[in-house]
Amino acid sequence: MIVIGVRFKKAGKIYYFDPAGSTLKSGDGVIVETVRGVEYGTVELENREVDTSSFGSPIKKIIRPATERDKQIAEENKEKAKKAKETCQKCADGHDLGMKVTDVEMTFDMNKIIFFFTADGRIDFRDLVKDLAAIFKTRIELRQIGVRDEAKMLNGIGICGRSLCCATFLGDFQPVSIKMAKDQGLSLNPTKISGICGRLMCCLKYEQDTYEYLNKNLPHEGDLIHTDYGDGEVLSVSVLRQIIKAAVDTGNNEKEVMFLDPSEVKVTKRRHIREERLSKDELKNLMDD
């Protein structure tokens, strides 16, 4: 089946649609119907043949390629969303709800307005929904989001000095764990391995497969080893360079520091890795809920 891939916001998920006989290029606008209503999207993946047998739901046809007037309406809706965000925040403050409005999305036909917010706990926003419905005369949805989603929506600068990955190109969040930081030999200091959202950095996932592959052939720091030069203890390991630094007993109770290849080393006894300790609360705060 011929399909196109459509995004509705930068770094958002890609959804497949039937181009309905139209030949569309990347960057073209389209009007489509989604579960939220009629929306304006941008073509990310051009016409291509895809096996849709594994898709969970049928592929919908686009309503039409977007016209210049459609593009103008989409831009006008963005401006309206900015004002709606301010209005919602004022109403929320008036009800003393303790919530922060992060972003606002409107369907192309203005049939629904979705307000995204963060808060420390659960919020009873029923009265707020009534007020917003009276102001905007349309369907209102309030959706509480987590800190990762907030960072994705607001964007910012990471410790690498570049815009956040989640806000620029990551369509989905991947699971990230403390184990990844350990495998990559990183300091288990929360300030070093967490992003501005306060959770583990998404980029820990990028090279994890490579580190897992390279670590298979390496001992751990503190392991006892046997070499052709004598027995010794692993002092440190360079995963990417595949070099083992070890203190080797060369005889006469003398130890020599050597840099060895994994093929020259045989582990005789495993020892627990000496690692920095993190409290349970610190670990919990770094992980996703």
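As a reminder, the structure under discussion sits directly above these lines.
The structure displayed is predicted, hence computed values, not measured ones. (Residues numbered from 1 in each chain as written. Predicted model: local features only at pLDDT ≥ 70, side-chain atom pairs only at ≥ 80, totals over all residues. Heavy atoms only, no water.)

Student: Is there a simple way to think about the pairing of strand 4 (residues 37-49) in this case?
Tutor: For a regular strand, side chains alternate in direction, first toward one face of the sheet and then toward the other. The sheet contact formed by strand 1 (residues 2-7) and strand 4 spans five bridges and is antiparallel. Each residue of the ladder has a partner; that of Ile 2, found in strand 4, is Glu 49. For strand 3 (residues 29-34) and strand 4, the ladder comprises six bridges, and the chain directions are antiparallel. Note that in strand 4 the partner of Thr 34 across the bridge is Gly 37. Hairpin connection of strand 3 to strand 4: two residues between the antiparallel strands. (Pairing = 2+ DSSP bridges. Helix = DSSP H or I, 4+ residues; strand = E, 2+ residues; numbered from the N terminus.)

Student: Please clarify how the sheet that holds strand 7 (residues 112-119) should be interpreted in this entry.
Tutor: Whether parallel or antiparallel, the strands of a sheet pair through hydrogen bonds between backbone atoms. Strand order in the open sheet formed by three strands is 6-7-8, with mixed pairing between adjacent strands. Only two strands of the sheet have a single partner each, and these edge strands are strand 6 (99-106) and strand 8 (139-144). With direction set aside, neighbouring strand axes in the sheet form an average angle of 25°. Examined bridge by bridge, strand 6 and strand 7 share seven bridges and lie antiparallel to one another. Across the sheet, the residue bridging to Met 99 is Ala 119, located in strand 7. Together, strand 6 and strand 7 form the strand contacts of helix 1 (residues 68-94), whose direction differs from that of strand 6 by roughly 150°. (Axes fitted to C-alpha atoms, helices over the stretch in contact; angles between N-to-C directions. Contact = heavy atoms within 4.5 Å.)

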